[in-house]
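Structural characterization, general
Next come the chains, spelled out residue by residue.
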Amino acid sequence: MGLPAHNHQFYTIREYLELERQTGIKYEYEDGEVFAMAGGTAVHSLIGNNVGGELRRVLKNRSCNAYNSDLKIAINEEKYRYADASVICGPVEYYDENPEAAKNPVLIVEVLSESSEPYDRGEKFKTYRQIPSFREYILIEQRYPLVEVFFKVDEKTWQYRAYEQLDQNIQLSSIEAEISMEEIYSGVTFNEELLN
């Protein structure tokens, strides 16, 4: 998802929710400030849709569900973000302040773009780590095959794995499943110069 654009007005949570309803625009929210989410490219959208389909496939007949970029994620009562995809196991839980934002994702996916990559790798990942249920973070490059997986081993340790070949299967420890690199990148044409 694109990098948020800052808006200098302060909002209550109720005003923030009303702003989203009235404008139809997704905003991330932190301590009264809102940040409009920029739209993504066609490739970004395709990869996001593909990974959602793969997650849905592996979670069929299980107690976990995959969600797309429309699901608002609650970091806490004062911080809300949007991810490209996420997985929640069991019922969706909310804070009373915002019954539209899930507070219990176990897995979060971001499709990287040149503008959002530093934010997704840095500040956004740091923010997501405040969620008690959060166990696994997936970053997907759209310019060439690269999927990076960060898995929470314990409170201080995250394990890192990188997948760069289209014939590989990505291990997702938090949901005990594998998804296909080839399926994630289905329909994507890569720039040959970036592959060398």
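Right, let's walk through the structure included here. Note that the structure is predicted; figures quoted are calculated from it, not measured. (Residues numbered from 1 in each chain as written. Predicted model: local features only at pLDDT ≥ 70, side-chain atom pairs only at ≥ 80, totals over all residues. Heavy atoms only, no water.)

1. Comments concerning the overall build of the protein chain
Scanning the protein chain from N- to C-terminus turns up 6 helices and 15 strands. The C-alpha radius of gyration computed for the protein chain amounts to 16 Å, which stays within 12% of the reference 16 Å derived for 196 residues, consistent with globular compactness. Over its C-alpha atoms, taken along the principal directions, the protein chain stretches across nearly 50 × 35 × 30 Å. Within the protein chain, buried positions represent 47% of all 196 residues. About 10000 Å² of surface is accessible on the protein chain, with carbon and sulfur atoms providing 46% of the total. Computed over 20 positive and 34 negative side-chain charges, the inter-centroid distance for the protein chain is 5 Å. (Helix = DSSP H or I, 4+ residues; strand = E, 2+ residues; numbered from the N terminus. Rg over C-alpha atoms; globule rule 2.2 N^0.38 Å. Buried < 20%, exposed > 50% of the residue type's maximum accessible area, 1.4 Å probe, protein only. Areas by Shrake-Rupley, 256 points an atom, 1.4 Å probe, with all protein chains shown as cover. Lys, Arg positive; Asp, Glu negative; His and termini not counted. Charge placed at Lys NZ, Arg CZ, Asp CG, Glu CD.)

2. Focus on the sheet that holds strand 4 (residues 64-67)
Strand order in the open sheet formed by 6 strands is 4-7-10-11-12-13, with mixed pairing between adjacent strands. Two strands lie at the open edges of the sheet, namely strand 4 and strand 13 (157-163), each paired on one side alone. Ignoring which end each strand starts from, the neighbouring axes of this sheet average 15° apart. (Pairing = 2+ DSSP bridges. Axes fitted to C-alpha atoms, helices over the stretch in contact; angles between N-to-C directions.)

3. Some points on the packing of aromatic side chains
All told, the structure shown has 14 aromatic pairs when counted by the stated rule. Their ring planes at 50° and their centres at 5.2 Å tell us that Phe125 and Phe150 sit as a pair that is tilted. On the criterion of sequence distance, the pair formed by Phe125 in helix 4 (residues 123-128) and Phe150 in strand 12 (residues 147-154) is long-range, its members being 25 residues apart. When sorted by exposure, Phe125 lands in the same class as Phe150, which is buried. Grouped by ring-pair contacts, the aromatic residues Phe125, Tyr128, Phe134, Tyr137, Phe150, Trp158 and Tyr160 constitute a single cluster. Sitting over the ring of Tyr82, Lys26 keeps its end group 5.5 Å from the ring centre. Lying over the aromatic face of Tyr95, Lys103 brings its terminal NZ or CZ to 4.5 Å of the ring centre. (Phe/Tyr/Trp six-rings, centres within 6.5 Å; stacked < 30°, edge-to-face > 60°. Lys NZ or Arg CZ within 6 Å of the ring centre and 35° of its normal.)

4. Side note on helix 2 (residues 42-59)
Every α-helix winds through 3.6 residues per turn, so residues three or four apart in the chain are directed the same way. Here helix 2 is 18 residues long and its end C-alpha atoms lie 26 Å apart, about the 26 Å a rise of 1.5 Å per residue gives. Taken as a whole, helix 2 has its buried residues at His44, Ile47, Gly48, Asn50, Val51, Glu54, Leu55, Val58 and Leu59. Relative to the axis of helix 2, the buried residues are bounded by an arc of 165° and lie together on one face. Of the exposed residues in helix 2, those oriented more than 90 degrees away from the buried face are Ala42, Asn49 and Arg56. (Expected span 1.5 Å × (residues − 1). Arc of directions from axis to C-beta.)

5. Section: the pattern of salt bridges
Applying the stated criterion across every chain yields a total of 17 salt bridges. The shortest N-O distance in the salt bridge between Glu100 and Lys72 comes to 3.8 Å. On the criterion of sequence distance, the pair formed by Glu100 in strand 9 (residues 98-102) and Lys72 in strand 5 (residues 72-76) is long-range, its members being 28 residues apart. We classify Lys72 as buried; its relative accessible area is 3%. Where Glu117 meets Arg143, a salt bridge forms, and the shortest distance between an N and an O atom there is 3.6 Å. With Glu117 in helix 3 (residues 117-121) and Arg143 in the loop between strand 11 (136-140) and strand 12, this pair connects stretches of sequence that are 26 residues apart. Via salt bridges that share partners, Glu28, Glu30, Lys79, Arg81, Glu110 and Lys124 belong to a single interconnected network. (Salt bridge = Lys/Arg side-chain N within 4 Å of Asp/Glu carboxyl O.)

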